[in-house]
Amino acid sequence: MKVKLKILLKLVVFCLIFALLYQQIESLLIGKDYPVRSNLNESFTPYPLASKLDGFYDLPQNSVDILFMGSSHIHCGINPLVIWNDWSITSYDLSADQQDFATSYYYLVEAFKTQKPKKVVVDVGTFFEQQQELSAHFSYDFMKLSVNKISAVIGRVPESSRLKMLFSLYDYHTRWSELQREDFEYVYAAPKEHRFNGYFAYLVTTPIIPQTNEYIEDTGELTDTDKYYIDKFYELCLENGSELVFIKTPTAIGNDWQPRNNAVKQYIANKNIEFIDYSFDDRMNFDWNTDFADVVHMNIYGAMKFTRILGEDIASTMTQSSISNDESERYCANYQYFTRLVKNYELTQIQDYDEYLTTILSDNNYVAFIVGSSNIALQINYRDIVSNENNQWTYLKVIENGQYIYDYVGDVECAYEGIIDNHKFTATSYTDGNFSNILIDSKEDLTPDGYGINIVLYDKFTHQVIDTRNYDIYMLQMSVG
Amino acid sequence: MLFNSFMYAVFFPVVFLGYYFFPTKIRKVWLLLASFLFYACWDIETSILLMVSIGFVYVSGLLIQKSINRRKLYLVVCIVFNVGILFVLKYSGFFYRIIQSIAVLMGKEILWQTDKWNLVLPVGISFYTLQATGYIIDVFLEKRDAEKNFVNVALFISFFPTISSGPILRSNDFLPQLENPNKFEYDKVRRGILLFGYGLFQKMVIADRLAILVNQVFNNHINYVGFEIAVAAVFYGLQIYCDFASYSNMAIGSAEMLGFSIKENFNVPYFSQSVSEFWRRWHISLSSWLRDYIYIPLGGNRKGKISKFRNLMVVFLISGLWHGASWNFVFWGGLNGLYQVIGEVLAPIREKITKVFRINCQSAVVKILKCCWTFLLIDFAWIFFRSNSFLEALRVIRNMLRCFNIWIFFDGTIYTLGLSQKELGVLLLALIVLLIGDLSKYFNIDLRAKILSQQIVVRWTVYYILIFTIMIFGVYGSNYDAANFIYFNF
């Protein structure tokens, strides 16, 4: 008996160590990213997919007053930092790509383990019978293993894919050949802060021709699954003392959802659930040329407008959030960070050389390295120097704190070396060869190495190189002239 | 139910716990039920055929023992019945095509077509037919008594670790083990787990990784030439070894965990210095079965050289046919027989050469060269085994000999055959582990005992490395079509 107990004990210890190792290896190998178009999130994390839920888990307890849930329409459409800035209310965007209504329920169960939100705002745009495998990975890969996760997987994932959701190494083990330094850094980083509180800042702009949004009276059908999860949502919020608000995010094709929305409205008529349909809200004042990434997803500008209207409806009546000073400072810093990223993005959209330089000079946080390649003489003699016999000229300028701190145009090789944020930048202009060097930490050459002027722009606020570009002045002048 | 499937990972622990939990009286019944469940997971209909076959063998055994005058008749009926099922299900199409070809040559038409019979080849039928036939012959030859306990016979034929791909059990080895109930032996269980784990490693990390390149090249052999095909052929030689040896290891390991001892099926075959030695080390349970029930009854090597060569060829042609109902398999078997016949014929010349040049046959270099030569011969024959037809095998060989493109190892072409540089790196490391395992076996070092005698930290480190190597570098997952073991097809 004693021997058997000893064996049993060994087995238990062996399994515990195995579980620990498995968890570490799975975290390392799990797919933390998926292909997404241009966005601001990648400036603070290479893994927008992973950081959303990880960031939520690492929030201080009971520090969120509004929770936003739903699919990508919420994911791209609501910016909690704007809500903080305008109303001092803390919130988190806990939506996910293709997160259907029922999956949102399991996310809410997860959220109530650490948070006591006063309001839970859910998009009712997505009702699916079951999740497809890919979207299920988006939803469940980063949910901590718990009874809730197992219930979610059983409830929402086809039987054939359930085990893969619980033991995702099955699908991700082949990533061993793709592992990067970032994978290791991410896994061992603590806490895993999501600097936009779950919001996905979409930069893509696509001009949209909106559908005529005439209100449709038709009422669609809700399935038993839909009704089941609406009831579950309601009960869960009642139990936890949270107010439940259903919304429909604005899109350019609002009519498509109308019959379903009407059915939801009808079903919740006797429940204490508010329903706000933003599909036909005139207050939005969208510019259909600039505010959308596609017909159903807002970009940063559309999201800004929508968040402000939503905040007016949801947050303006609430009392300001009571959070620690550290947390409050974090929100403020992140809002500034976000606005800074938007400014940087807008700067990178400027094409005109003079306007570009003027903007850089107007901001003390920008450091610009402007280096000419050796054929610069052919180009800049139109501007401010006269060609010498050999046409061998060098050109190097550095802007910092809104002024030129290095300015050389001549016929000998020149170089600038400076330390910014503990990084050594070295810029060199050569007399021979159509190239230039702008090195960071003597390793990575950032120059676009084009004809004419090459620029590398560093932002001391975000501590990032935010732009590298080339101006072929000669070609520009030739085409103008 | 594959050994490397999630289903088996649930099935086996339940069987294992039940086996040691239940009273000894019902353990055999428990194992029998488990075996039928294991088999029925593939196809319930064919498991009925298995039951019929078991019933027939059981009754025949008793009848042969009791009868005095009709012993031979019962033996023949039983063998015809068992082998007949195998023949109809596995070979009817093959022989139909032969008859059809002859009929066409004679200008006649055949009115029946086996293609329309929709015959399903039951998993493991080639294995359990031999097992059952061996038992019935042993009873007939009075090498053993007929088993009176039906459960014992049923379990002997359907024992789940071995039913689908062997090793082919021998009644005198296995049935006595059913008489004495196995006690839980911690060390035996640990040895079994380790062997099973090593088998998984061979299958998932090595064999299935090799299969990626092999399938890419063989399935598109028109697009490949020279060393591209040679590499695939060498890889196939390693693949089939790891694939089949892994199955045997997992089967033996599973049985060992349940307290049963099964003889090893592979004994480092690629370290053989001749083809005949290879066949004493490769698929030992089949080779010894063919030796005991066909080669020796035919006269073996007792009736002169010619008779020996004839018997060898017969055994190897049957072996080829047993592996598959196709000419390429028959040729493969014949080629292996021929290698041995030629080897024996040339033996005096070889001896003279070694004497004249004073070659020390015991030197390591000569041994290694002989191993390499044997591997080349065996591997060349594998091309016929791997190809879908005899003509395809000839096309593959023609493409292989068409070009001496040795540069594929230097210009990166080798990485375009289905395995990336990183994948090949992992494969190389895994093959080194395999080599270490085989070398220790060759020099009679019990690696498992060595590992199990280490301190707990070392032991567990080895376990975790083995488990996570399989989990990370194993070939499986959503994008992977869980390949059957190669020998399932036979």
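Remember, predicted model here, so these are calculated numbers, not experimental data.

**Focus: empty space enclosed by the protein**
Residue and element names in this part refer to chain A.
Item 1. All told, the structure shown has 3 cavities of 30 Å³ or more when counted by the stated rule.
Item 2. Of the volumes computed, that of the largest cavity is approximately 120 Å³.
Item 3. Counting only elements with at least two residues in the lining of the largest cavity, the list comes to α2 (48-57) and α6 (133-140).
Item 4. Looking at the lining of the largest cavity, the element that brings in the most residues is α2, giving 4 residues.
Item 5. Of the residues contributing to the lining of the largest cavity, the split by class is 9 nonpolar, 3 polar and 2 charged.

**Description of helix α4 (residues 71-105) of chain B**
Residue and element names in this part refer to chain B.
Item 1. Across its 35 residues, α4 extends only 43 Å between first and last C-alpha, which sits more than 12% below the 51 Å expected from 1.5 Å per residue.
Item 2. Of all bends in α4, the biggest is about 65°, found at Y91.
Item 3. Of the residues trailing α4, G107 is marked for its positive phi of about 75°.

**Notes on the layout of surface pockets**
Where empty space is left can be seen by rolling a probe of water-molecule size over the atoms.
All names here are of chain B.
Item 1. Approximately 1,300 Å³ is the volume attributed to the second largest pocket.
Item 2. As for the second largest pocket, its lining consists of 38 residues, of which S274, V275, S276, Q340 and R350 are closest to the centre.
Item 3. Contributing elements (two or more residues each) for the lining of the second largest pocket: α11 (275-281), α12 (284-295), α13 (305-323), α14 (327-345), α15 (347-356) and α16 (364-386).
Item 4. Sort the elements by how many residues they give to the lining of the second largest pocket and α12 lands first, with 7 residues.
Item 5. The residue makeup of the lining of the second largest pocket, split by class, is 20 nonpolar, 11 polar and 7 charged.

**Some details on the interface of chain B and chain A**
Item 1. Taken residue by residue, the interface counts 21 residues in chain B and 19 residues in chain A.
Item 2. At the boundary of chain B with chain A, total buried surface from both sides reaches about 1,900 Å², with 77% on carbon and sulfur atoms.
Item 3. Our count for the contact surface shared by chain B and chain A stands at 0 salt bridges.
Item 4. Summed over the shared surface of chain B and chain A, the result is 4 residue pairs in polar contact (both at pLDDT 80 or more).
Item 5. Taken together, the elements giving at least two residues each to the side of chain B that touches chain A come down to α9 (186-219), α18 (421-442) and α20 (456-473) of chain B.
Item 6. Split into classes, the residues belonging to the side of chain B that touches chain A amount to 14 nonpolar, 3 polar and 4 charged.

**Points about the sheet that holds strand β10 (residues 423-429) of chain A**
Residues and elements named next belong to chain A.
Item 1. The strand order β9-β10-β11-β12 describes an open sheet built from 4 strands, whose pairing is antiparallel. In this open sheet, the two edge strands, each paired with only one partner strand, are β9 (414-420) and β12 (444-445).
Item 2. By the bridge criterion, 2 bridges tie strand β11 (residues 436-440) to β12 in an arrangement that is antiparallel. Across the sheet, the residue bridging to I440 is E444, located in β12.

About the cut-offs
- Residues numbered from 1 in each chain as written.
- Chains lettered and ligands numbered in written order.
- Predicted model: local features only at pLDDT ≥ 70, side-chain atom pairs only at ≥ 80, totals over all residues.
- Heavy atoms only, no water.
- 1 Å grid on protein atoms, 1.4 Å probe; cavity = no way out; pocket = protein on both sides within 12 Å on 5 of 7 lines; lining within 4 Å.
- Points joined across faces, edges and corners; volume = space filled by probe spheres on them.
- Helix = DSSP H or I, 4+ residues; strand = E, 2+ residues; numbered from the N terminus.
- Nonpolar A, V, L, I, M, F, W, Y, C, P; charged D, E, K, R; others polar.
- Expected span 1.5 Å × (residues − 1).
- Bend = angle between axes of the 7 residues up to and from the residue.
- Contact = heavy atoms within 4.5 Å.
- Buried area = accessible area lost by both parts, 1.4 Å probe.
- Salt bridge = Lys/Arg side-chain N within 4 Å of Asp/Glu carboxyl O.
- Polar contact = N/O pair within 3.5 Å; in protein donor to acceptor, adjacent residues only side chain to side chain.
- Pairing = 2+ DSSP bridges.

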